[in-house]
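Structural description and commentary
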Amino acid sequence: MALGDLMAASRFSQSTTSVSNHLDEFTENGNHVEEEGERSVYSSSSINNGNSNAHDLSEAPSSSYTAMTATTSMSYLPQTVVLCELRHDGFEDCMPAGPSDSGLVSKWRPRDRMKTGCVALVLCLNISVDPPDVIKISPCARMECWIDPFSMAPQKSLETIGKTLNQQYERWQPKTRTFDVLSTHGQARYKYSLDPTVDEVKKLCTTCRKYAKSERVLFHYNGHGVPKPTPNGEIWLFNKSYTQYIPLPISDLDSWLKTPSIYVFDCSAAGLIVSAFIQLQDCSTSSSAASVRDCILLAACEAHETLPQSAEFPADVFTSCLTTPIKMALRWFCTRSLLHESFDYSLIDRIPGRQTDRKTLLGELNWIFTAVTDTIAWNVLPHDLFQRLFRQDLLVASLFRNFLLAERIMRSANCSPISYPMLPPTHQHHMWDAWDMAAEICLSQLPTLVDDPNAEFQPSPFFTEQLTAFEVWLDHGSENKKPPEQLPIVLQVLLSQCHRFRALVLLGRFLDMGPWAVELALSVGIFPYVLKLLQTTTPELRQILVFIWTKILALDKSCQVDLVKDGGHAYFIKFLDSVEAYPEQRAMAAFVLAVIVDGHRRGQETCIAANLIHVCLKHLQCSSPNEAQTEPLFLQWICLCLAKLWEDFLEAQQLGLQADAPAILAPLLSEPQPEVRAAAVFALGTALDVGFDTSRDGHGDEDCDDDEKNRAEASIIKNLLNVVSDGSPLVRAEVAVALSRFAFGHNKHLKSVAAAYWKPQSGSVLTSLPSFAIKGSGSGYTTPTHYMPHGSIVPSPIAPLLRVGNDSPSVARDGRVSTSSPLATSGIMHGSPLSDDSSLHSDSGAPNDCVSNGIHSTRRPLDNALYSQCVLAMCNLAKDPSPRVATLGRRVLAIIGIEQVVAKSVKPAGLNTRPGESITTASSSLAGLARSSSWFELNGGGHLPLTFRTPPVSPPRPSYLTGMRRVCSLEFRPHLMNSSDSGLADPLLASAGPSGVTERSLLPQSMIYNWSCGHFSKPLLTAMDDSEDIVARREEREKLALDHIVKCQHSSVSKLHNQIASWDTKFETGTKTALLQPFSPVVIASDENERIRVWNYEEATLLNSFSNHDYPDKGISKLCLVNEFDENLLLVASNDGNIRIWKDYTSKGKQKLVTAFPSIQGHRPGVRSVNAVVEWQQQSGYLFSSGEISSIMAWDLDKEQLVNTIPLPQDSSISALAVSQVHGGEFAAGFVDGYVRLYDIRTPEMLVSETQPHTQRVERVVGIGFQPGREPAKIVSASQAGNIQFLDMRNTKNTYLTIDAHRGSLTALAIHRHAPIIASGSAKQLIKVFNLEGDPLGTIRYYPTFMAQKIGSVSCLTFHPYQVLLAAGAADACVSIYADEISPPR
C-alpha cells in the first residue's frame, strides 16, 4: 500500500480519541451510527452546538425498569472520552524541545567531506628479475593489471602496466564529475613512477602533496619485483643503475606525504609496514600534542604471509580486487560454482555495458556489488568508522568496499589482507551469498547477451527481494530489535527509477517508527539522496517525499540550511499550494516550511520572495466549514508557519499586515481545536513588532505608516483579549506570551496606565476611568465577558463604573464605601501614594524606564482603554488556575513593573482597624480608592498579592493583603512582614542592558511551536500499541457496569444502615465533598482548604493526599469523575469557579494536572463570592457551571471551549445543578429562590420548563437530581427547608409527590443513578433513605462515639454509580460508607 494511502487510512488528525471498534462512532450532528452487534445505542454522544434541532433519540415512553434490557442499557454507557490528547499529557511539567539544531543530533553528518586530490602510483616490478627472497612455483601467478608482463618487451610491458593501473584507479574517481550523489569531487591528478629510485619517489610525493594542498593523497606501492619489507618497516626501491635495492623507511615516506593520506601496499609481508607505521603514529602522538593524523593503510597480507602464487589468481590479486572488483569477483566465483566447467572465462572481459549505467549488465553488477559491500560494512563496522571510511571520501569508500572483496578472495588462499584502522572480519557475512546468487543470474545471461547484441537484458531480482526483506522487517521490527540490515540497499535503490517509489514508501514507514529510525537512516547517508530527489517533478513521489522530509526535520532542524541552499523550499511551497493532496500531508509541507524559516533569516527571505505569506493566507481564507481544508492539523501548521515566517522579521510583519493577516487569523481563535487556537494566537503575537529584528537599520520604523501599524496592533490586541479566558491552558499560555511581546513594545505606556490607577483624581470618578467597552446584557446589569476576563470579581465600589452605559442613575446608590470592607482600612493601603504627592512624578520621564534603549521610545501610544484592558488581562493570567499560565502571567506583569510577592494569604477573619487609624471615606479620595479596590479585587484579593515596587511612604503595617503600588523605584521592594524575600517572582527588566539579546531572554518563550513539532516525531502511520488494552479494559468495565445496573434496577432495598467502612479524613474543617469510584473500592474526599484525600475503603489505607492548588482559600464545591470507563480523571471545582482536572490521583505523590481553567466569567456587581455550582455530563462532554452570576456557562471539554452561555432570569442565582445520565445536553438547575428549571442545550431556546415547588419560608434548593431510569424530565428536588419534591417537568402544574424529610435543616441530597433510592442528610446528624414512591426505607443516625464527643452535621452524600452504596461526609471530618445489609460491598 502506498504511503499516501496508509496516511489516508490512518488519518492522523488530532481529533478526539475515539473509543475504538466495539463502540459507536458518533457523527457530527448528534445522530449515531448503530454498531454491528445487537446493541443499539441510545445516547447522543457528540452534541454539535450549531445543530440545535438534533433531538435525543432515546426518549422512550416506558418508564418501567423491566423494560431495561441489555440492549437499551447501552444508553447508560457514555461513549464520549475527553482530555486524553497529547496536550493533556504533562502540559504543566514539560518544556517540549522542538527539532534539535544541536550538534548532538547532527552527528550523522560526515564531519568534513574530503576528496582525494592526488594519486601516486609506484610500481617496483623489475620484470624478468625475481627478487632474491622469493621462490616461485610453476605454474605461477604472473598477471599484473590483467597483463602478462612476459607477453612483450620488459620496458614496454612496465609502461603498459603503469598506464593500465592508472586507468583502473581513474574509474573510481574520474577526472570529470561522477554520477554519484555523494560526489563533491572535481578531478584528481594521477602520477605514476615505474621502478623508481628513492629521489624519484621523494620528488613524486612532495609534488603530490603540493598539488593536493589539504586534500588526501593516495600512495599505491606494488613491490612484486623487490624483496619483502624489512622488520623495521622499510620498503625497497632501486638505485639508478638497478644494481642494488635501496630501502626507504616508512617515516621518510610519511614525512613527505604528510596528512591526510591513504597507502596501498601490494607486496608480501605487507603487515610489517603496517606495524611500523602504527609505532610511528604512537611515537608522534605521544611526543607532540598535534592533532591525530588522518592516515589510512591497506596492506595485502599479514607480516608472516606471502602473496598467493596460484595461477588461478593474478600476481597482483590485491590490486585487482581493489581496482577491478567485478572482474575479480566473477572470475573467482566461476571457479567455485557449477559454471566452472562450461563457462568461457573470456566472456567476463566482454560483459556489455558501462559501470555507470545501471540499465546494463555491467552497471547492474557494479550496483549490486556496491549495495552488498555497503550493507556488510554498515552492519559490521562501528558507526563512526563507517562514516569515516564509507561516507567521507568517494575514492576511500570505493577502495574499502573493494577491500571487503579482497578479504573474501584472499582468505580463500590463506592470505589475510589488513587495514589501518582495523576492520572486523567480513569474509563470511551472509550478504555474500546474495551477491553470489545475483552474480550467477547475471552470468547465466552473459553468453546470450554477447552473441546477440539486441538481446534484452533481464534485471536481477536482487533489489526487489531485498526490499521485500526490508518490508518484512518493518512488519515485525522495533527500536529494541536489531536494525534492518537492508537500509543501505534502500539507499542504493533510490538511484533507480523503477524501484524508487517503493523504496521511498518503505523508507517512510521506517522513519515513522521514531527519531531513532530517522537518525539511523541519516547515518547510512540518506540525506544527499532525498535532497537531490527534490529536483524531480514526478507527481507520485511528492507525498512521500514531503513525509520523509517531515520526519527528517522533526529530528534535526539544521537541514534547513541545506534546503534553502538547494532551493528545496520551492518544492514544499508548491505542494502546500496544491489542492489535490490530503490536508494532513499539506500540514506536513507547512511544518517543513516552518522549520526552514525558524530562526533562519536566509530561509525567511527566500520564502517571502517565493510568496509564502500569500499562499498561507489564501488557504486560511478559503477554509469554509464544508471544505476539507479545515483539517485542524493543516490550519494549525499554516498558522505556525506564518508565525515563524514573520517572527522578529520586520519586512515580513509589514507584508503580513498589508495582506490583512490579523483579520484572516482572527476567526481561527474560535476554532474547536485548542491547538489551532493556540497557533493562531502565536501567529498574531509574533506579528507584533517588538524591535528584535536584527536586520533593520536605525530608521527602519519610519518605512511603514505608523498609524496603520498602530491600528493593526490594536486589532491584534483586541483579538487576543477575546481569548484570554479560553478553556485551554495551551491557548492562554500563548496569549500570555503574546501580551508579553506587546508589553515589551509598549512598556512605558502600560506602566503609566498601571500606575495611574493609584493617582487621586480631581475630576469625577466616571470621567477618570477608562471605558471598558462593556456590552449591556439586558438584565439590569452588565456581564463584562470580553474585557473583564473570568475570575474578575467586580466589587461594589467599582460597580457603577462598569454600568456607565445603561444604568448611570445608580451611581449614588452603589458608590458608597463600606467601612467593614477590608479595602477601606488604611492599613491595607499602607505605602500607597494617596498620602504623598512627591512620589507621583517618576513614571512619566524616561530615565527610570527600564527599557530606554531607543527601540521603543519612538512608539506612539495606543488607546488608553486598550492598555487598561491589557493590564487587567495580564493580572487575570497571573492568577490563572494553571501554574504554567500563572507563571507566564507573572512574567508579563514583571515587564510592566508589577512584581508579585508570593505570600500565603491569611484568612481575613481577624482583621480589625487599629485604634487611631482613620477610615478613608473622604470624597476627595473616592476615585483613587475605587480604582484601587478594583485592582485589589480584579487581582484576586488576598488570593494573590501583587505589588508595585516602591519605597514605603509610611511605615509598613502588617496586613493580610498587600495591594499594588506604583512603580517608583526599581531599586528595592517594600518590606513585607508576611513573606520572605525568597518569594520574589522572575527578575524584572531593570537589569536589561542595551543589547536586544539580553532583553530577548527576558521575554517568556512560546511553547506551541516546539510542542506541535513533537506530533511529527511520533508514529503517524500506525495506531498506538496500547489501544487494544484500552479497548479490552473498557469492554470489561462496560460489562461489569451493565451487570450492576441490572442488579440495581431490580434491587429491593429495605434499609441502608450497614456501615461497611468509616474513615477519619483528619480534615480540620470537616468534609466538604465526597465521591465513590465506580470500579475500585476507593472514596475521594475534600475539605474547605482544598485538600484532597483518596482512601481505599476495603483495605482501609490512605492512597494519596494532595492540595488542589497553592492558595487554598476558596473551598471545593464539587468533585466529579471524567471518563469513568477509561483512565478516569478527577475533576475538582473550586468555589471561585476554577476547574482543575487531575490524573493518576490515586498514586501517592504521582498526581498530575491535566488541565485547568476558570469556568466562570463575568460577575454581578456587589457580589463578593461566586459560590460556583458545577456539574459534568459525560454523555455530551459538557461541563456546566454557574453560581451567583447571571448565566450558566456550558463548556465543551473536548474543545476546551465555552460553547454556550445560557442567560438566567434577573436577580436569580443557582444553588444546585444536576445533569441527566442518559440524555446528553439535558440538565436541571435549582435556584436560591426555590425555582427548578429544566434545560436542554440541543433546543434553540434552551429552557425546557420551569416550576417553583419550594415555597416555604426557606426556599433555597440545596439538592437536585434526575430520577433513575430513562425518562427525560423526572426530577427530585430538595430545599433547605427540608422538603423533597418529586417533579415531572413535562407537567409543571403540580408536584406529584412531596416528602417532608427534615424540618428546616436539610443539607444534602443524593439520588442513585440506577436504583430506585434517594437519601437526604440533615444538620441534625441523621440521614434518611426513601424509595421513589416516597416510602421511608430507613434512617441512619449518628450516635455519639464511645469517647462521647458530638458528631457533626451531614455535609455531603453520594451514591456509588453502579452499586447500592452510600458515602456520607460530615462536618467532623468523618466519611462513612453504608451498604444494604443483605448485599456485601463487592
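Scroll up to find the structure.
What you see is a predicted model, and the numbers here were worked out from it, not measured in a lab. (Residues numbered from 1 in each chain as written. Predicted model: local features only at pLDDT ≥ 70, side-chain atom pairs only at ≥ 80, totals over all residues. Heavy atoms only, no water.)

Some remarks on helix H33 (residues 864-878)
Counted only if it meets this: Under the scheme used here, helices are H or I runs from DSSP no shorter than 4 residues and strands are E runs no shorter than 2 residues, and both carry numbers assigned from the N terminus. A helix is expected to reach a length of 1.5 Å times the quantity of its residues less one. With a 1.4 Å probe rolled over the protein chains alone, any residue whose accessible area is under 20% of its type maximum counts as buried; one over 50% counts as exposed, and the rest are partly exposed.
The end-to-end C-alpha separation of H33 is 21 Å, in line with the 21 Å expected for 15 residues at 1.5 Å each. Extensive coverage of H33 is indicated by the burial of 14 of its 15 residues.

Description of the sheet that holds strand S3 (residues 216-222)
Here is the rule we go by: Any two strands between which DSSP finds at least two bridges are classified as paired. To get an axis, a line is fitted to the C-alpha atoms, and for a helix only the part in contact is used. The angle between two axes follows their N-to-C directions and goes from 0 to 180 degrees.
Sheet architecture is open: six strands sit in the order S2-S1-S3-S6-S7-S8, paired in mixed fashion. Each edge of the open sheet carries a strand with a single partner, namely strand S2 (189-194) and strand S8 (418-420). Across the sheet, the mean angle separating the axes of adjacent strands is 10° when strand polarity is ignored. Sheet topology note: the strand S1 (residues 116-123)/S3 ladder contains seven bridges and is parallel.

Some words on the packing of helix H20 (residues 583-597) against helix H37 (residues 1008-1017)
Relative orientation and spacing of two packed helices are given, respectively, by the angle between their axes and the distance between those axes. Filter applied, for reference: Our angle categories are set so that under 35 degrees counts as roughly parallel, over 145 as roughly antiparallel, 65 to 115 as roughly perpendicular, and the remainder as oblique. By the definition used in this description, the sense in which the near helix is turned from the far one sets the handedness, with an anticlockwise turn below a right angle giving left-handed and a clockwise turn giving right-handed. It only takes one pair of heavy atoms within 4.5 Å for two residues to be counted as in contact. Only Asp, Glu, Lys and Arg are considered charged in this grouping, and only Ala, Val, Leu, Ile, Met, Phe, Trp, Tyr, Cys and Pro are considered nonpolar; every other residue, Gly among them, is considered polar.
Contact geometry for H20 and H37: axes closest at 11 Å, N-to-C directions at 130°. Taken together, H20 and H37 sit at an angle that is classed as oblique. Considering only the axes of H20 and H37, their crossing is left-handed. Between H20 and H37, the contacting residues are Ala587, Met588, Phe591, Ala594 and Val595 on the first element and Tyr1009, Cys1013 and Phe1016 on the second. For the contact of H20 with H37, a count of residues per class yields eight nonpolar, no polar and no charged.

A short note on the environment of Lys1118
Mapped onto the elements of the fold, Lys1118 is located in strand S16 (residues 1116-1122). Assessed through its relative accessible area of 25%, Lys1118 is described here as partly exposed. A C-alpha to C-alpha distance of 8.6 Å links Lys1118 and Lys1072, two positions 46 residues apart in sequence. Aside from chain neighbours lying at most four places away, what touches Lys1118 is Thr1073, Leu1131, Val1132, Ala1133, Val1174 and Glu1175.

Observations regarding the pattern of salt bridges
As a reminder of what qualifies: Salt bridges are counted wherever a side-chain nitrogen of Lys or Arg sits within 4 Å of a carboxyl oxygen of Asp or Glu.
One pass over the structure, following the stated rule, counts 36 salt bridges. Taking the shortest distance from any N to any O, the salt bridge between Lys557 and Asp598 comes out at 3.4 Å. One end of the pair, Lys557, is in the loop between helix H17 (542-555) and helix H18 (559-565); the other, Asp598, is in the loop between H20 and helix H21 (601-609), and 41 residues separate them in sequence. Taken as a pair, Lys557 and Asp598 share a single burial class, namely buried. A salt bridge links Arg1313 to Glu1124; the shortest N-O distance between them is 3.1 Å. With Arg1313 in the loop between strand S32 (1306-1311) and strand S33 (1317-1322) and Glu1124 in the loop between S16 and strand S17 (1129-1134), the pair connects residues that are 189 residues apart, well separated along the chain. The exposure class assigned to Arg1313 is partly exposed, which follows from its relative accessible area of 24%.

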